[in-house]
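Working through the structure, step by step
What follows is each chain in one-letter form.
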Amino acid sequence: MVTTDDIVAAYERARVRAEASTLIERSLLRYAIAELREDGMSTRQIAARLRLPKSTVNRVRSTSKEQLAEELHWTTPDAYVEANNAAWPATPPMQIANAPFEVEATSPNTRRWRLLQFAGHDEQGRQRFSLDGRRAGPAGRA
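Overview of the structure.

Side note on the overall build of the protein
Helix and strand counts for the protein come out as five helices and four strands. Moving toward the C terminus, one meets the helices and strands of the protein in the order α-α-α-α-α-β-β-β-β. Among the 142 residues that make up the protein, the fraction classed as buried is 32%. Put simply, 45% of the contacts in the protein that link residues at least 6 apart link residues at least 24 apart.

Structural data, given as structure tokens:
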């Protein structure tokens, strides 16, 4: 028999995964817009290529990584890695070993997210991140 606790736990897991997928989607959109901009495309051309309104292209282009980091509410580093690697199944260099952030529980009901810095690639060529520029360990953890 399914209990209320089971339902709440399933809801929280689904919400974490949805948040991670949304973050990956936003990150990939920012990346695509930056790459298309570097290729010399105008905002109008980028909007047409990505099937988005021009205003969305302009808004996303002006969004910084710090603003995106502030949007981390529910996701976990593991869910973020899972969502990122699912978006890049055939491109191992774009897969990551750990998330570019960590979550610190400051109290039972409060969490704080801290961005990590890129620390190179692991033995499989996947990206690693570390806190304050320290090199990440073999398992991808700082």
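From this point on, the discussion continues.
Looking at the nonpolar core
Ranked by size, the top nonpolar core spans twelve residues in total: Val 16, Ala 20, Leu 23, Ile 24, Ala 79, Tyr 80, Val 81, Ala 83, Ile 96, Ala 99, Phe 101 and Trp 113. For this core, the secondary structure elements donating two or more residues are α1 (4–38) and α5 (77–87). In terms of nonpolar packing, the next biggest core, distinct from the first, is built from six residues, Ile 33, Leu 36, Ala 47 and Val 60 among them.

Topic: the pairing of strand β1 (residues 101–107)
Pairing of β1 with strand β2 (residues 110–115) involves six bridges; the strand directions are antiparallel. Within the sheet, the bridge partner assigned to Phe 101 lies in β2 and is Leu 115.

Concerning the pattern of salt bridges
Applying the stated rule across the entire model yields one salt bridge. A salt bridge links Glu 82 to Arg 17; the shortest N-O distance between them is 3.3 Å. Of the two residues, Glu 82 is situated in helix α5 and Arg 17 in helix α1; the sequence distance between them amounts to 65 residues. The exposure class of Glu 82 is partly exposed, given its relative accessible area of 43%.

Observations regarding helix α3 (residues 54–61)
Because the α-helix completes a turn every 3.6 residues, residues three or four places apart line up on one side. If you check which residues of α3 are buried, you get Thr 56, Val 57 and Val 60. One face of α3 carries all of its buried residues, which in axial projection span an arc of 100°. The exposed residues of α3 that point more than 90 degrees off its buried face are Ser 55 and Arg 59. Where the residues of α3 are buried, they touch α1 and α2 (43–50).

Details of the environment of Ser 42
Relative to the helices and strands, Ser 42 resides in the loop between α1 and α2. On the basis of relative accessibility, which here comes to 33%, the residue Ser 42 falls in the partly exposed class. A sequence separation of twelve residues divides Ser 42 from Lys 54, and the C-alpha atoms of the two residues are 9.9 Å apart.

Brief notes about unusual backbone geometry
One non-glycine residue, Arg 51, lies in the positive phi region at around 55°. Structurally, Arg 51 is set in the loop between α2 and α3. On the basis of relative accessible area, Arg 51 is assigned to the exposed category, the value being 75%.

Rules used throughout
- Residues numbered from 1 in each chain as written.
- Predicted model: local features only at pLDDT ≥ 70, side-chain atom pairs only at ≥ 80, totals over all residues.
- Heavy atoms only, no water.
- Helix = DSSP H or I, 4+ residues; strand = E, 2+ residues; numbered from the N terminus.
- Buried < 20%, exposed > 50% of the residue type's maximum accessible area, 1.4 Å probe, protein only.
- Contact = heavy atoms within 4.5 Å.
- Core = buried A, V, L, I, M, F, W, Y, C linked by side-chain atoms within 4.5 Å.
- Pairing = 2+ DSSP bridges.
- Salt bridge = Lys/Arg side-chain N within 4 Å of Asp/Glu carboxyl O.
- Arc of directions from axis to C-beta.

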